[in-house]
Amino acid sequence: MPQERIGVYVCHCGSNIAGTVDVEELTAWAGEALRHRGVVVARDYKFMCSSLGQDLIAKDIKEDALTRVVVAACSPHLHEATFRKACADAGMNPYLCELVSIREQVSWVHTDKAAATAKAKAVISGGVERVIHHAPLEPMSVPINPATLVVGGGIAGIQAAMEIADSGFHVYLVEREPSIGGHMAQFDKTFPTLDCAACILTPKMVSIGSHPHITLLTYSEVEQVDGYVGNFNVTVRKKASYVNSDLCTGCSVCEEKCPKSVIDPVFEAGLGYRKAIYRSFPQAVPKFPVIDADNCIYFDTGKCKACEIHCEAGAIDFEQEDQILELNVGNIILATGYDLFDARRETQYGYGRLANVFTSLEFERLTNAAGPTNGNIVLRDGETTPKSVGIIHCVGSRDRKFNNYCSVICCMQSLKFAHLVKERTGAEVFNFYIDMRTAYKEYDEFYQRVLSEGVHFIRGRVAEVTDVSNTPEEEDKLVIQIEDTRIGRQRRIPVDMVILSAALEPRHDSDEVAHQFGISCSVNGWFIEKHPKLDPVATMTEGIYIAGCAQGPKDIPSTVTQGAAAAARVLGRIQQKEMALEPIRAEVTEALCSGCRICNNLCPYTAIVFDEAKEVSVINAALCQGCGTCVAACPSNAISGTQFSNEQVMAQLHGLLMLNIMEPVVS
């Protein structure tokens, strides 16, 4: 029979709960019907999470000698920590508090008030039965290594690394390309201010390359991640560049003398050429070139070595091999960016089939003064200036066939393209859009500016881009077929050039990277944050943070903000020097473990290893997140979840079924 003194607290949550659940009836019922289960106090309050609501709980703990607390409010994911702290401040072990959801699980999913109130009674009953079996727990502390790993050298990773390094702590910045800069380095102008992308990005890149607290590891990839918050062990493969950076002066003579030119599919988006030994772009950081072994004549035939012959510094090293680096860091920030939607998949738009259909990234390179056409907007022949241009929004986004989400930047990017075409060619410009989304600072003003420049805006989803002409004015043109929804009729618009504003997509290996770092991806492939509103940079794995387009599509200001926010979270951890971990973890009863190792491969956080000497599985409590996967999978019932024991779960089910109401009253 229960000997505990339990307080039950029911939140109105304004009208979120009280609008569907009869809170007063529920509170009175809990005080009477569950009295024999140890309930000595039952109260309701309009906003239980407020300071006054928390004070109410603390006051009762002290005055009524409560030993357990049940709060019926919103999701534990939102306010469990709030009520645990209130209990701790009153002298109660915080893990003797149980939060049950009557908002998300009751009021928000029901319209019948009587049925919702009855269900809320069952939920509270289950919470009371469960909390009786709670055990006082103590969080464990781990020291925090002050070094940080930032993965991804785009603007998000650059901002995060600079914030931490400027605070005096060491950062390892890993980038898979030969230079940092990411997609922003490929742009000419940035909306809405039309700042030169290189002018605002390059100083940051230079600072990264020369910062005393930053170890820059370009042309490198993370291969393995072990450990836990405060103590991650990371294996990085630094690929052979075949150039000794200690000797190289960055003079570029090797590039000039290299006889092999190849199309650059990455930085120049397939529009320009680079040599087999190359730097991605003139302002690249670091300044040292790399040799593309797949296209190098020497690696193919064993002959040439023109770069080595002309390198006065003797920096070319064809015998160089990949390096494996072992890093120890306390926190990790993932800023791996995005991939561009492959416009060939939208076959009706003709990309890859019709010569003068360009992707947004190709057009960025056309407009860049350092691009393949020196900033001249021309057709594929490299000479002809277009007299009419069509810009199609939402290619691959807001489309159930490909990506149902909005890519955020497409409207403003397309407006920027329209302005640049007008400014540099004077061509007639048509923007084909579904909805115009210009929500942030000075964005709508930029839209109004482009309107005033004489750009045509046609609302509707483009059906087709074709080179088949029906009239003389369509001869030798690309024809954009669309239903203009503002005038309610089909239109055919002949143009010389078509630009496709392609969707932002998760990196092609986002699932693999997520698994490697012990985090999760959404159904669309973006990394999942801990909470979309209250914690958008943390993940469910302590010590792993996300920033920029790795989390979802966003523009440059939002990306920079999130990079700084992730850095601030890391700095907070570093300055604490140690961190208290949630004690709700799984445990192995060694006497019951058969050594089958089923749990080892199932753990999403790689927290379980096999002890060869004892022939049993062992759980690293610092890595374990208490998800319960191993508990459910163990055929020997050898693994139990702290605070989720069979006794606790069965007691909660007992309460949910209201079987406890029929039990005799305790005298």
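Owing to the predicted nature of the structure, the values given are computational and were not obtained by experimental measurement.

### Structural notes on the environment of leucine 201
Step number 1: Relative to the elements of secondary structure, leucine 201 occurs in helix α6 (residues 197–210).
Step number 2: With relative accessibility at 1%, the residue leucine 201 sits in the buried group.
Step number 3: Contacts of leucine 201, omitting those with residues within four sequence positions, involve Ile155, Ile158, Gly181, Met184 and Ala185.

### Some details on the nonpolar core
Step number 1: Among the nonpolar cores identified, the biggest contains 76 residues, and Ile208, Ile214, Ile333, Phe363, Leu415, Phe457 and Met497 are the most heavily contacted of them.
Step number 2: Residues lining this core come from more than one domain, with at least three contributed by each of domain 2 (148–335 + 510–576) and domain 3 (339–505).
Step number 3: Apart from the residues lying within four places of it in its own chain, the contact partners of isoleucine 214 are Ala161, Met162, Ala165, His170, Val171, Leu173 and Ile208.

### Here's the deal with a nonpolar patch on the surface
Step number 1: Together, Phe644, Val649, Met650, Leu653 and Leu656 make up a nonpolar patch on the protein surface, roughly 440 Å² of accessible area in all.
Step number 2: Assignment of secondary structure puts phenylalanine 644 in the loop between β34 (639–641) and α17 (646–656).
Step number 3: Residue phenylalanine 644 is classed as partly exposed on the basis of its relative accessible area of 45%.

### Structural notes on the domain arrangement of the protein
Step number 1: Taken domain by domain, the protein consists of domain 1 (6–139), domain 2 (148–335 + 510–576), domain 3 (339–505) and domain 4 (586–641).
Step number 2: For domain 2 versus domain 3, the distance between C-alpha centres works out to 30 Å.
Step number 3: Of the residues lining the interface, 22 residues belong to domain 2; the matching set on domain 3 comes to 31 residues.
Step number 4: Between domain 2 and domain 3, a total of about 2,200 Å² is buried, with carbon and sulfur atoms accounting for 65% of that surface.

### Let's talk about the pairing of strand β27 (residues 497–502)
Step number 1: For β27, a buried count of six out of six residues is recorded, marking the element as mostly surrounded by other parts of the structure.
Step number 2: Side chains of β27 alternate between two faces, with Met497, Ile499 and Ser501 and Val498, Leu500 and Ala502 buried alike.
Step number 3: As paired elements, strand β20 (residues 357–359) and β27 share three bridges and run parallel to each other. When the sheet's bridge partners are listed, valine 357 is paired in β27 with valine 498.
Step number 4: Of the strand pairs in this sheet, strand β21 (residues 388–395) and β27 are connected by five bridges, and their pairing is parallel. Counted as the bridge partner of isoleucine 391 is isoleucine 499 from β27.

What counts, and at which threshold
Along every chain, residues carry numbers that run from 1 in the direction the sequence is written. Per-residue local features of the predicted model are confined to residues with pLDDT of at least 70, and side-chain atom pairs are confined, for both listing and counting, to 80 or more; whole-chain, interface and lining totals are unaffected and use all residues. No hydrogens and no water enter the side-chain calculation; it runs on all heavy atoms of the structure. Put simply, DSSP H or I for four residues or longer makes a helix, DSSP E for two residues or longer makes a strand, and each gets a number counted from the N terminus. Exposure is judged per residue with a 1.4 Å probe applied to protein chains only, and the accessible area is read against the type maximum: over 50% gives exposed, under 20% gives buried, and values in between give partly exposed. Note on contacts: a residue pair qualifies if any of its non-hydrogen atoms lie within 4.5 Å across the two residues. Definition used in this section: a nonpolar core is a set of buried Ala, Val, Leu, Ile, Met, Phe, Trp, Tyr and Cys residues joined via side-chain atoms within 4.5 Å. Where a domain begins and ends is set by an automatic assignment or by a domain database. Residues enter a patch when their relative accessible area is above 30% and they make no salt bridge; the linking distance is 9 Å between like charges and 5 Å between nonpolar side chains (Val, Leu, Ile, Met, Phe, Trp, Tyr). The method behind every accessible area is Shrake-Rupley, applied with a 1.4 Å probe, and residues are considered shielded solely by the protein chains displayed. For salt bridges, the criterion is a side-chain nitrogen of Lys or Arg within 4 Å of an Asp or Glu carboxyl oxygen. Accessible area, probed at 1.4 Å, shrinks when two parts are joined; the buried area is that loss added up over both. One bridge is not enough; two strands pair if DSSP finds at least two bridges between them.

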